[in-house]
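Structural features, examined
Letter by letter, the chains look like this.
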Amino acid sequence: MPARRGLACDVSSLVRISTATAEASIRLRDAALAAALRVPVPRDGPLAGKRVRVSLDGGRVRLRRTHRGRKTAKGRHGFSTPWREPRLLVIDILDEQGRPDRLRLPLYDGLIGGAEAVWALLIGYLRLLGAAYADVVEFIADGAEWIWKRVERLRTLAEIPPSTLVEVLDFYHASQYLYETIATGRRLSKAQCRTLYKRLRHALRHQADGVEVVMEALRALATTWRGKVITRALRYVETHAHRMRYVALEARKYHSIN
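Anyway, here's the lowdown on the structure attached to this text. None of these values were measured; they are calculated from a predicted model.

Bringing the overall build of the chain into the picture now. The secondary structure content of the chain amounts to nine helices and nine strands. Whereas a compact globule of 258 residues would reach a radius of gyration of roughly 18 Å, the chain reaches 23 Å, over 25% beyond that. Based on the C-alpha atoms only, the size of the chain along its principal axes is roughly 70 × 60 × 35 Å. Expressed as a percentage of its 258 residues, the buried residues of the chain come to 39%. When contacts within the chain are restricted to residue pairs at least 6 apart in sequence, long-range pairs at least 24 apart make up 70% of them. Total accessible area on the chain stands at roughly 16,000 Å², and carbon and sulfur atoms take up 55% of it.

Here is the structure:
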């Protein structure tokens, strides 16, 4: 691309410039977010008076670590590729229909580090942008325990009023968890499992009492299925029941898919 613009620049120079720019940007970001914890939350920040959606998720990626010491017969160092978990966050401004506002770009950020590091990042952003004065802050994520056990601390440190924060368990992950649970049943054929899953998924998405329908079905399965799978699934639904009222959330124009 630089060559097409008449700029002569080799790959190593591009890597060096990109790395230096990224490192400088991260230093500036971290300084701003650290300062956000020491100063009052701005009343006129970009999120003030807005409908805001915050989402957080983890993933998997391999890193390349070059081994020091003796080289191979081809003159290269060996390397390993351990798995690490990148943690990503998104902050959206929503329109009145609960959809991302196309006139305002979302904020994306992330890092490869511990859970505490990404939460510090998120808390700093929400303070810096004035989320405490948003009309609504919808927090949506999957069922990972490392996420939900920190939400109350996030709300407190970002100074978001309890009445403003709405917690939502992403419907895609909720239905996927339900499918994987039902698929473990050996007393039902594949067709029966598929029929049961579709019925419960539809109830969860379209019935006001969908959570109760799912819990009742899981309790019934627990009487005939051995093992801890159903018990664990029932505990999962009971824990997140207040985050899975998708009909009520839809009526209030809240987004339920991450």
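Having seen it, we continue.
One non-glycine residue, Glu159, adopts positive backbone phi at about 60 degrees. By the secondary structure assignment, Glu159 is in the loop between helix 4 (151-157) and strand 9 (165-169). Phi is positive for Lys253, which is not a glycine, with a value near 65 degrees. Along the chain, the position of Lys253 falls in the segment after helix 9 (246-251). The partly exposed category is assigned to Lys253, whose relative accessible area is 36%.

It is worth spelling out the pattern of salt bridges at this point. Applying the stated rule across the entire model yields 14 salt bridges. Between Arg29 and Asp30 there is a salt bridge; the shortest N-O distance is 3.0 Å. We classify Arg29 as buried; its relative accessible area is 19%. Since its relative accessible area comes to 35%, Asp30 is described here as partly exposed. The salt bridge involving Asp92 is made with Arg53; its shortest N-O contact spans 2.7 Å. Here Asp92 is found in strand 6 (residues 86-94), whereas its partner Arg53 is found in strand 1 (residues 51-58), with 39 residues between them in sequence.

Here the focus is the sheet that holds strand 7 (residues 107-112). The strand order across the open sheet formed by five strands is 7-6-1-8-9, and the pairing between neighbours is mixed. In this open sheet, the two edge strands, each paired with only one partner strand, are strand 7 and strand 9. Within this sheet the neighbouring strands show an average axis-to-axis angle of 15 degrees, counted without direction.

This next bit is on the side chain of Arg243. Within the fold, Arg243 resides in the loop between helix 8 (229-240) and helix 9. Among the polar contacts listed, one links the side chain of Arg243 to the side chain of His242, at a separation of 3.4 Å.

Looking now at the environment of Ser55. Looking at where Ser55 falls in the secondary structure, it is placed in strand 1. Overall, the relative accessible area of 6% leaves Ser55 in the buried class. For the pair Ser55 and Val168, spaced 113 residues apart in sequence, the C-alpha to C-alpha distance is 9.6 Å.

With the rule as written, the count across this model stands at five aromatic pairs. When the centroid spacing of 5.1 Å and the interplanar angle of 80 degrees are considered together, the rings of Phe171 and Tyr246 count as edge-to-face. Here Tyr246 lies in helix 9 and Phe171 lies in helix 5 (residues 171-182), a separation of 75 residues in the sequence. Comparing Phe171 with Tyr246 shows no difference in burial state: the two are buried. Aromatic side chains Tyr179 and Tyr197 sit 5.2 Å apart centroid to centroid with 75 degrees between the ring planes, which places their arrangement in the edge-to-face category. Here Tyr179 is found in helix 5, whereas its partner Tyr197 is found in helix 6 (residues 190-206), with 18 residues between them in sequence. Looking at Tyr197, the relative accessible area reads 14%, which means it is buried. Following the ring pairs from residue to residue traces out a cluster consisting of Trp119, Phe139 and Trp148.

Criteria and thresholds
- Residues numbered from 1 in each chain as written.
- Predicted model: local features only at pLDDT ≥ 70, side-chain atom pairs only at ≥ 80, totals over all residues.
- Heavy atoms only, no water.
- Helix = DSSP H or I, 4+ residues; strand = E, 2+ residues; numbered from the N terminus.
- Rg over C-alpha atoms; globule rule 2.2 N^0.38 Å.
- Buried < 20%, exposed > 50% of the residue type's maximum accessible area, 1.4 Å probe, protein only.
- Contact = heavy atoms within 4.5 Å.
- Areas by Shrake-Rupley, 256 points an atom, 1.4 Å probe, with all protein chains shown as cover.
- Salt bridge = Lys/Arg side-chain N within 4 Å of Asp/Glu carboxyl O.
- Pairing = 2+ DSSP bridges.
- Axes fitted to C-alpha atoms, helices over the stretch in contact; angles between N-to-C directions.
- Polar contact = N/O pair within 3.5 Å; in protein donor to acceptor, adjacent residues only side chain to side chain.
- Phe/Tyr/Trp six-rings, centres within 6.5 Å; stacked < 30°, edge-to-face > 60°.

These figures come from the coordinates and say nothing about function on their own.
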